[in-house]
Amino acid sequence: MNCRKCQSTDFVKNGHIKKKQRYKCKKCDSQWTENHKHRGRPLAERALAVFLYCHGLSMNAISKMLDTAPSTLLKWIRNFSNQHAHPPEPQTDAVVLELDEMWHYLKEKKQTLGLEGVLS
Ligand SMILES: [Zn+2]
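Now for a quick tour of the structure. (Residues numbered from 1 in each chain as written. Predicted model: local features only at pLDDT ≥ 70, side-chain atom pairs only at ≥ 80, totals over all residues. Heavy atoms only, no water.)

### Some remarks on the overall build of the chain
Phase 1 of the analysis: Helix and strand counts for the chain stand at five helices and three strands.
Phase 2 of the analysis: In the chain, the succession of α and β elements from N to C terminus is β-β-β-α-α-α-α-α.
Phase 3 of the analysis: Surface accessibility of the chain: about 10,200 Å² in total, with carbon and sulfur atoms responsible for 53%. (Helix = DSSP H or I, 4+ residues; strand = E, 2+ residues; numbered from the N terminus. Areas by Shrake-Rupley, 256 points an atom, 1.4 Å probe, with all protein chains shown as cover.)

Spelled out as structure tokens, the structure:
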């Protein structure tokens, strides 16, 4: 038997609940009982919700379809995003400008950009 959260084998008995032995993980303090039923929606359903969201369906529509709260759906999407999506590597040749710097930059470049009439 392993911890449900961190898969550690370092756990102790921690009393009984509803006549079942309860265990407590020494590493992450999570508690569980034997033959514990998994709570929450199955992975396939959560994955389907994220898939539909990524293809443009609104969160309200998906939550009505799957009979769940939009806040729950948002939690599934965030979890999926944290697990699978990584921000793109910044491009090394990109020019980063603050908004107030941008104004000066555009004033200097107005002739090459053709903005003589726009910026005075
Ligand atoms: Zn643990």
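### Some thoughts on the coordination of the zinc ion
Phase 1 of the analysis: Only C3 (SG), C6 (SG), C25 (SG) and C28 (SG) from the protein coordinate the zinc ion, and they sit 2.3 Å from it.
Phase 2 of the analysis: Between the donor residues of the zinc ion, the gaps in sequence give the motif C-x2-C-x18-C-x2-C. Of this pair, C3 sits in the segment before β1 (11–17) while C25 is found in strand β2 (residues 20–25), placing the two residues 22 residues apart along the sequence. C25 shares its class with C3; the two are buried. (Donors = N, O, S within 2.8 Å, 3.2 Å for Na, K, Ca; no water. Buried < 20%, exposed > 50% of the residue type's maximum accessible area, 1.4 Å probe, protein only.)

### Quick notes on unusual backbone geometry
Phase 1 of the analysis: Its identity as a non-glycine residue notwithstanding, Q7 has a phi of 65°, on the positive side.
Phase 2 of the analysis: With respect to the helices, strands and loops of the structure, Q7 is situated in the segment before β1.

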